[in-house]
Amino acid sequence: MESDDILSSISGGRVLDVATGGGNFIHTLMDELKDYTEIIGVDNSKNAAAAFSETFRKQKNIHFQLMDAHHLDFGDETFDTVCISNSLHHLDPEPVLREMKRVLRPGGLLVVSEMYRDNQTDTQMTHVLLHHWWAAVDTVNDIVHRETYTREELMQMIAKLELSDVTSVDLFDLSDDPKSPDFLEQLDSVFESYIQRAEGHPELQARGEELKTRVKEIGFHSATTLVAMGRK
Ligand SMILES: C[S@@+](CC[C@H](N)C(=O)[O-])C[C@H]1O[C@@H](n2cnc3c(N)ncnc32)[C@H](O)[C@@H]1O
């Protein structure tokens with residue numbers, strides 16, 4: 001299933017994308033929401049700010065604000081739609097989700113999109129294991145990055161928000177060649193950079209080498225993403 005199947009009937013209104021990075025998920029929102037009036041992306045990284053501003057410089061109704069997701073600098077009930085994508089495992093998820101609900105108007109839509117680690121095929125497990133290795137390398141470099149959650153853990157976090165009309169879909173695409181030479185070549189440079197960043201941690205460097213072999217032997221598909229949403 002494509003995410004447009006679930007977003008295409010939704011008028012986003014005033015939209016907030018939390019931990020937006022360079023705004024990847026905003027492209028999805030722009031393409032797939034029925035319409036929207038304004039999108040604000042927030043992130044606490046200055047690099048994200050620069051990438052975002054460059055990408056959306058021509059869009060007058062898409063803005064960035066530098067901000068910690070745990071303390072959103074917006075009034076209560078000021079957004080129609082509030083989203084977070086692939087970032088809960090970079091944050092303290094429950095306080096962030098509560099902040100997201102606080103700034104959402106009654107009846108507004110909260111959207112969580114996050115890859116998870118269980119119930120994956122072998123080729124998708126390559127992504128999960130790679131992700132866990134990236135998280136471990138980031139952690140030794142003092143960057144907050146956890147392993148991804150299980151689907152059930154994510155659904156429990158969402159249940160605690162006591163939203164109404166909660167729906168969820170699992171998005172995956174296993175149609176690409178899992179051993180695509182172009183993709184494997186791209187991954188090589190990612191391996192090099194993470195093996196370098198793991199300097200001084202031979203066990204992490206060895207894990208990277210094992211994963212390089214796994215990618216070649218088993219192949220790679222992106223892990224399934226849970227998209228869950230509900231109304232305040
Ligand atoms: C994996 S990226 C996801 C970016 C984007 N949402 C996407 O789907 O591609 C995680 C983002 O979380 C941001 N982040 C981490 N901690 C944060 C915090 N405390 N407040 C705001 N953003 C944070 C990082 O700077 C990074 O841009």
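Residues numbered from 1 in each chain as written. Predicted model: local features only at pLDDT ≥ 70, side-chain atom pairs only at ≥ 80, totals over all residues. Heavy atoms only, no water.

Details of the overall build of the protein chain
And step 1. On a plain count of helices and strands, the protein chain comes out with 8 helices and 7 strands.
And step 2. Here the C-alpha radius of gyration of the protein chain, 18 Å, is about what a compact globule of 232 residues would show, namely 17 Å.
And step 3. Overall, the protein chain is about 50 × 35 × 35 Å in size when its C-alpha atoms are taken along their principal axes.
And step 4. Here the protein chain holds 232 residues, and 47% of them are scored as buried.
And step 5. By sequence separation, contacts in the protein chain at least 24 residues apart represent 76% of the contacts at least 6 residues apart.
And step 6. Between the averaged position of the 22 positive side-chain charges in the protein chain and that of its 41 negative side-chain charges there is a distance of 5 Å. (Helix = DSSP H or I, 4+ residues; strand = E, 2+ residues; numbered from the N terminus. Rg over C-alpha atoms; globule rule 2.2 N^0.38 Å. Buried < 20%, exposed > 50% of the residue type's maximum accessible area, 1.4 Å probe, protein only. Contact = heavy atoms within 4.5 Å. Lys, Arg positive; Asp, Glu negative; His and termini not counted. Charge placed at Lys NZ, Arg CZ, Asp CG, Glu CD.)

Looking at the packing of aromatic side chains
And step 1. With the rule as written, the count across this model stands at 7 aromatic pairs.
And step 2. When the ring of Phe 52 is compared with that of Phe 64, the centres are 5.2 Å apart and the planes differ by 55 degrees; the resulting orientation is tilted. Here Phe 52 is found in helix α3 (residues 46-55), whereas its partner Phe 64 is found in strand β3 (residues 62-66), with 12 residues between them in sequence. Like Phe 64, Phe 52 is buried.
And step 3. Arranged with centres 4.8 Å apart and planes meeting at 35 degrees, the rings of Phe 183 and Phe 220 form a pair that is tilted. In this pair, Phe 183 is assigned in helix α7 (residues 181-197) and Phe 220 in the loop between α8 (202-218) and β7 (225-231), connecting sequence segments 37 residues apart.
And step 4. Using a relative accessible area of 26% as the deciding quantity, one classes Phe 183 as partly exposed.
And step 5. Ring pairs connect the aromatic residues Trp 133, Trp 134, Phe 191 and Tyr 194, which therefore count as one cluster.
And step 6. In this structure, Arg 197 packs its charged tip against the face of Tyr 194, placed 4.9 Å from the ring centre. (Phe/Tyr/Trp six-rings, centres within 6.5 Å; stacked < 30°, edge-to-face > 60°. Lys NZ or Arg CZ within 6 Å of the ring centre and 35° of its normal.)

A few points about helix α4 (residues 93-102)
An α-helical turn contains 3.6 residues, so any two residues separated by three or four positions project in the same direction.
And step 1. Looking only at α4, the buried set comprises Pro 93, Val 96, Leu 97, Glu 99 and Met 100. Along the long axis of α4, the arc covered by the buried residues comes to 160 degrees, so they all point the same way.
And step 2. Residues of α4 that are buried sit in contact with β1 (14-18), β4 (79-85), β5 (104-115) and α6 (151-159). (Arc of directions from axis to C-beta.)

Description of the pairing of β5
And step 1. Burial within β5 is extensive, with 9 of its 12 residues counted as buried.
And step 2. Examined bridge by bridge, β4 and β5 share 6 bridges and lie parallel to one another. Within the sheet, the bridge partner assigned to Val 82 lies in β5 and is Leu 110.
And step 3. As a crossover connection, the stretch from β4 through α4 into β5 is right-handed.
And step 4. The sheet contact formed by β5 and β7 spans 7 bridges and is antiparallel. (Pairing = 2+ DSSP bridges. Right-handed = clockwise from strand over helix to strand, strands pointing away.)

Here we look at the pattern of salt bridges
And step 1. Under the defined criterion, the tally for this structure stands at 11 salt bridges.
And step 2. Here Glu 153 ties to Arg 117 by a salt bridge, and the two come within 3.8 Å at their closest N and O atoms. Here Glu 153 is found in helix α6, whereas its partner Arg 117 is found in the loop between β5 and α5 (122-140), with 36 residues between them in sequence.
And step 3. With relative accessibility at 29%, the residue Arg 117 sits in the partly exposed group.
And step 4. For Glu 209, the salt bridge goes to Lys 212, with nearest N and O atoms at 3.8 Å. A residue pair is termed a helical-turn pair when its members lie 3 or 4 positions apart in one helix, as Glu 209 and Lys 212 do in helix α8 at 3 residues.
And step 5. Classification of Lys 212 by relative accessible area gives buried; the value is 17%.
And step 6. One salt-bridge network, in which partners are shared between bridges, spans Asp 76, Glu 99 and Arg 102. (Salt bridge = Lys/Arg side-chain N within 4 Å of Asp/Glu carboxyl O.)

Notes on the packing of α5 against α7
And step 1. For the pair α5 and α7, the least separation of the axes is 9 Å and the interaxial angle reads 30 degrees. The interaxial crossing formed by α5 with α7 has left-handed handedness. Contacts between α5 and α7 involve Leu 130, Trp 133, Trp 134, Val 137 and Asp 138 from the first element and Leu 187, Val 190, Phe 191, Tyr 194, Ile 195 and Arg 197 from the second.
And step 2. Looking at side-chain class alone, the contact of α5 with α7 contains 9 nonpolar, no polar and 2 charged residues. (Axes fitted to C-alpha atoms, helices over the stretch in contact; angles between N-to-C directions. Left-handed = near helix turned anticlockwise from the far one by under 90°. Nonpolar A, V, L, I, M, F, W, Y, C, P; charged D, E, K, R; others polar.)

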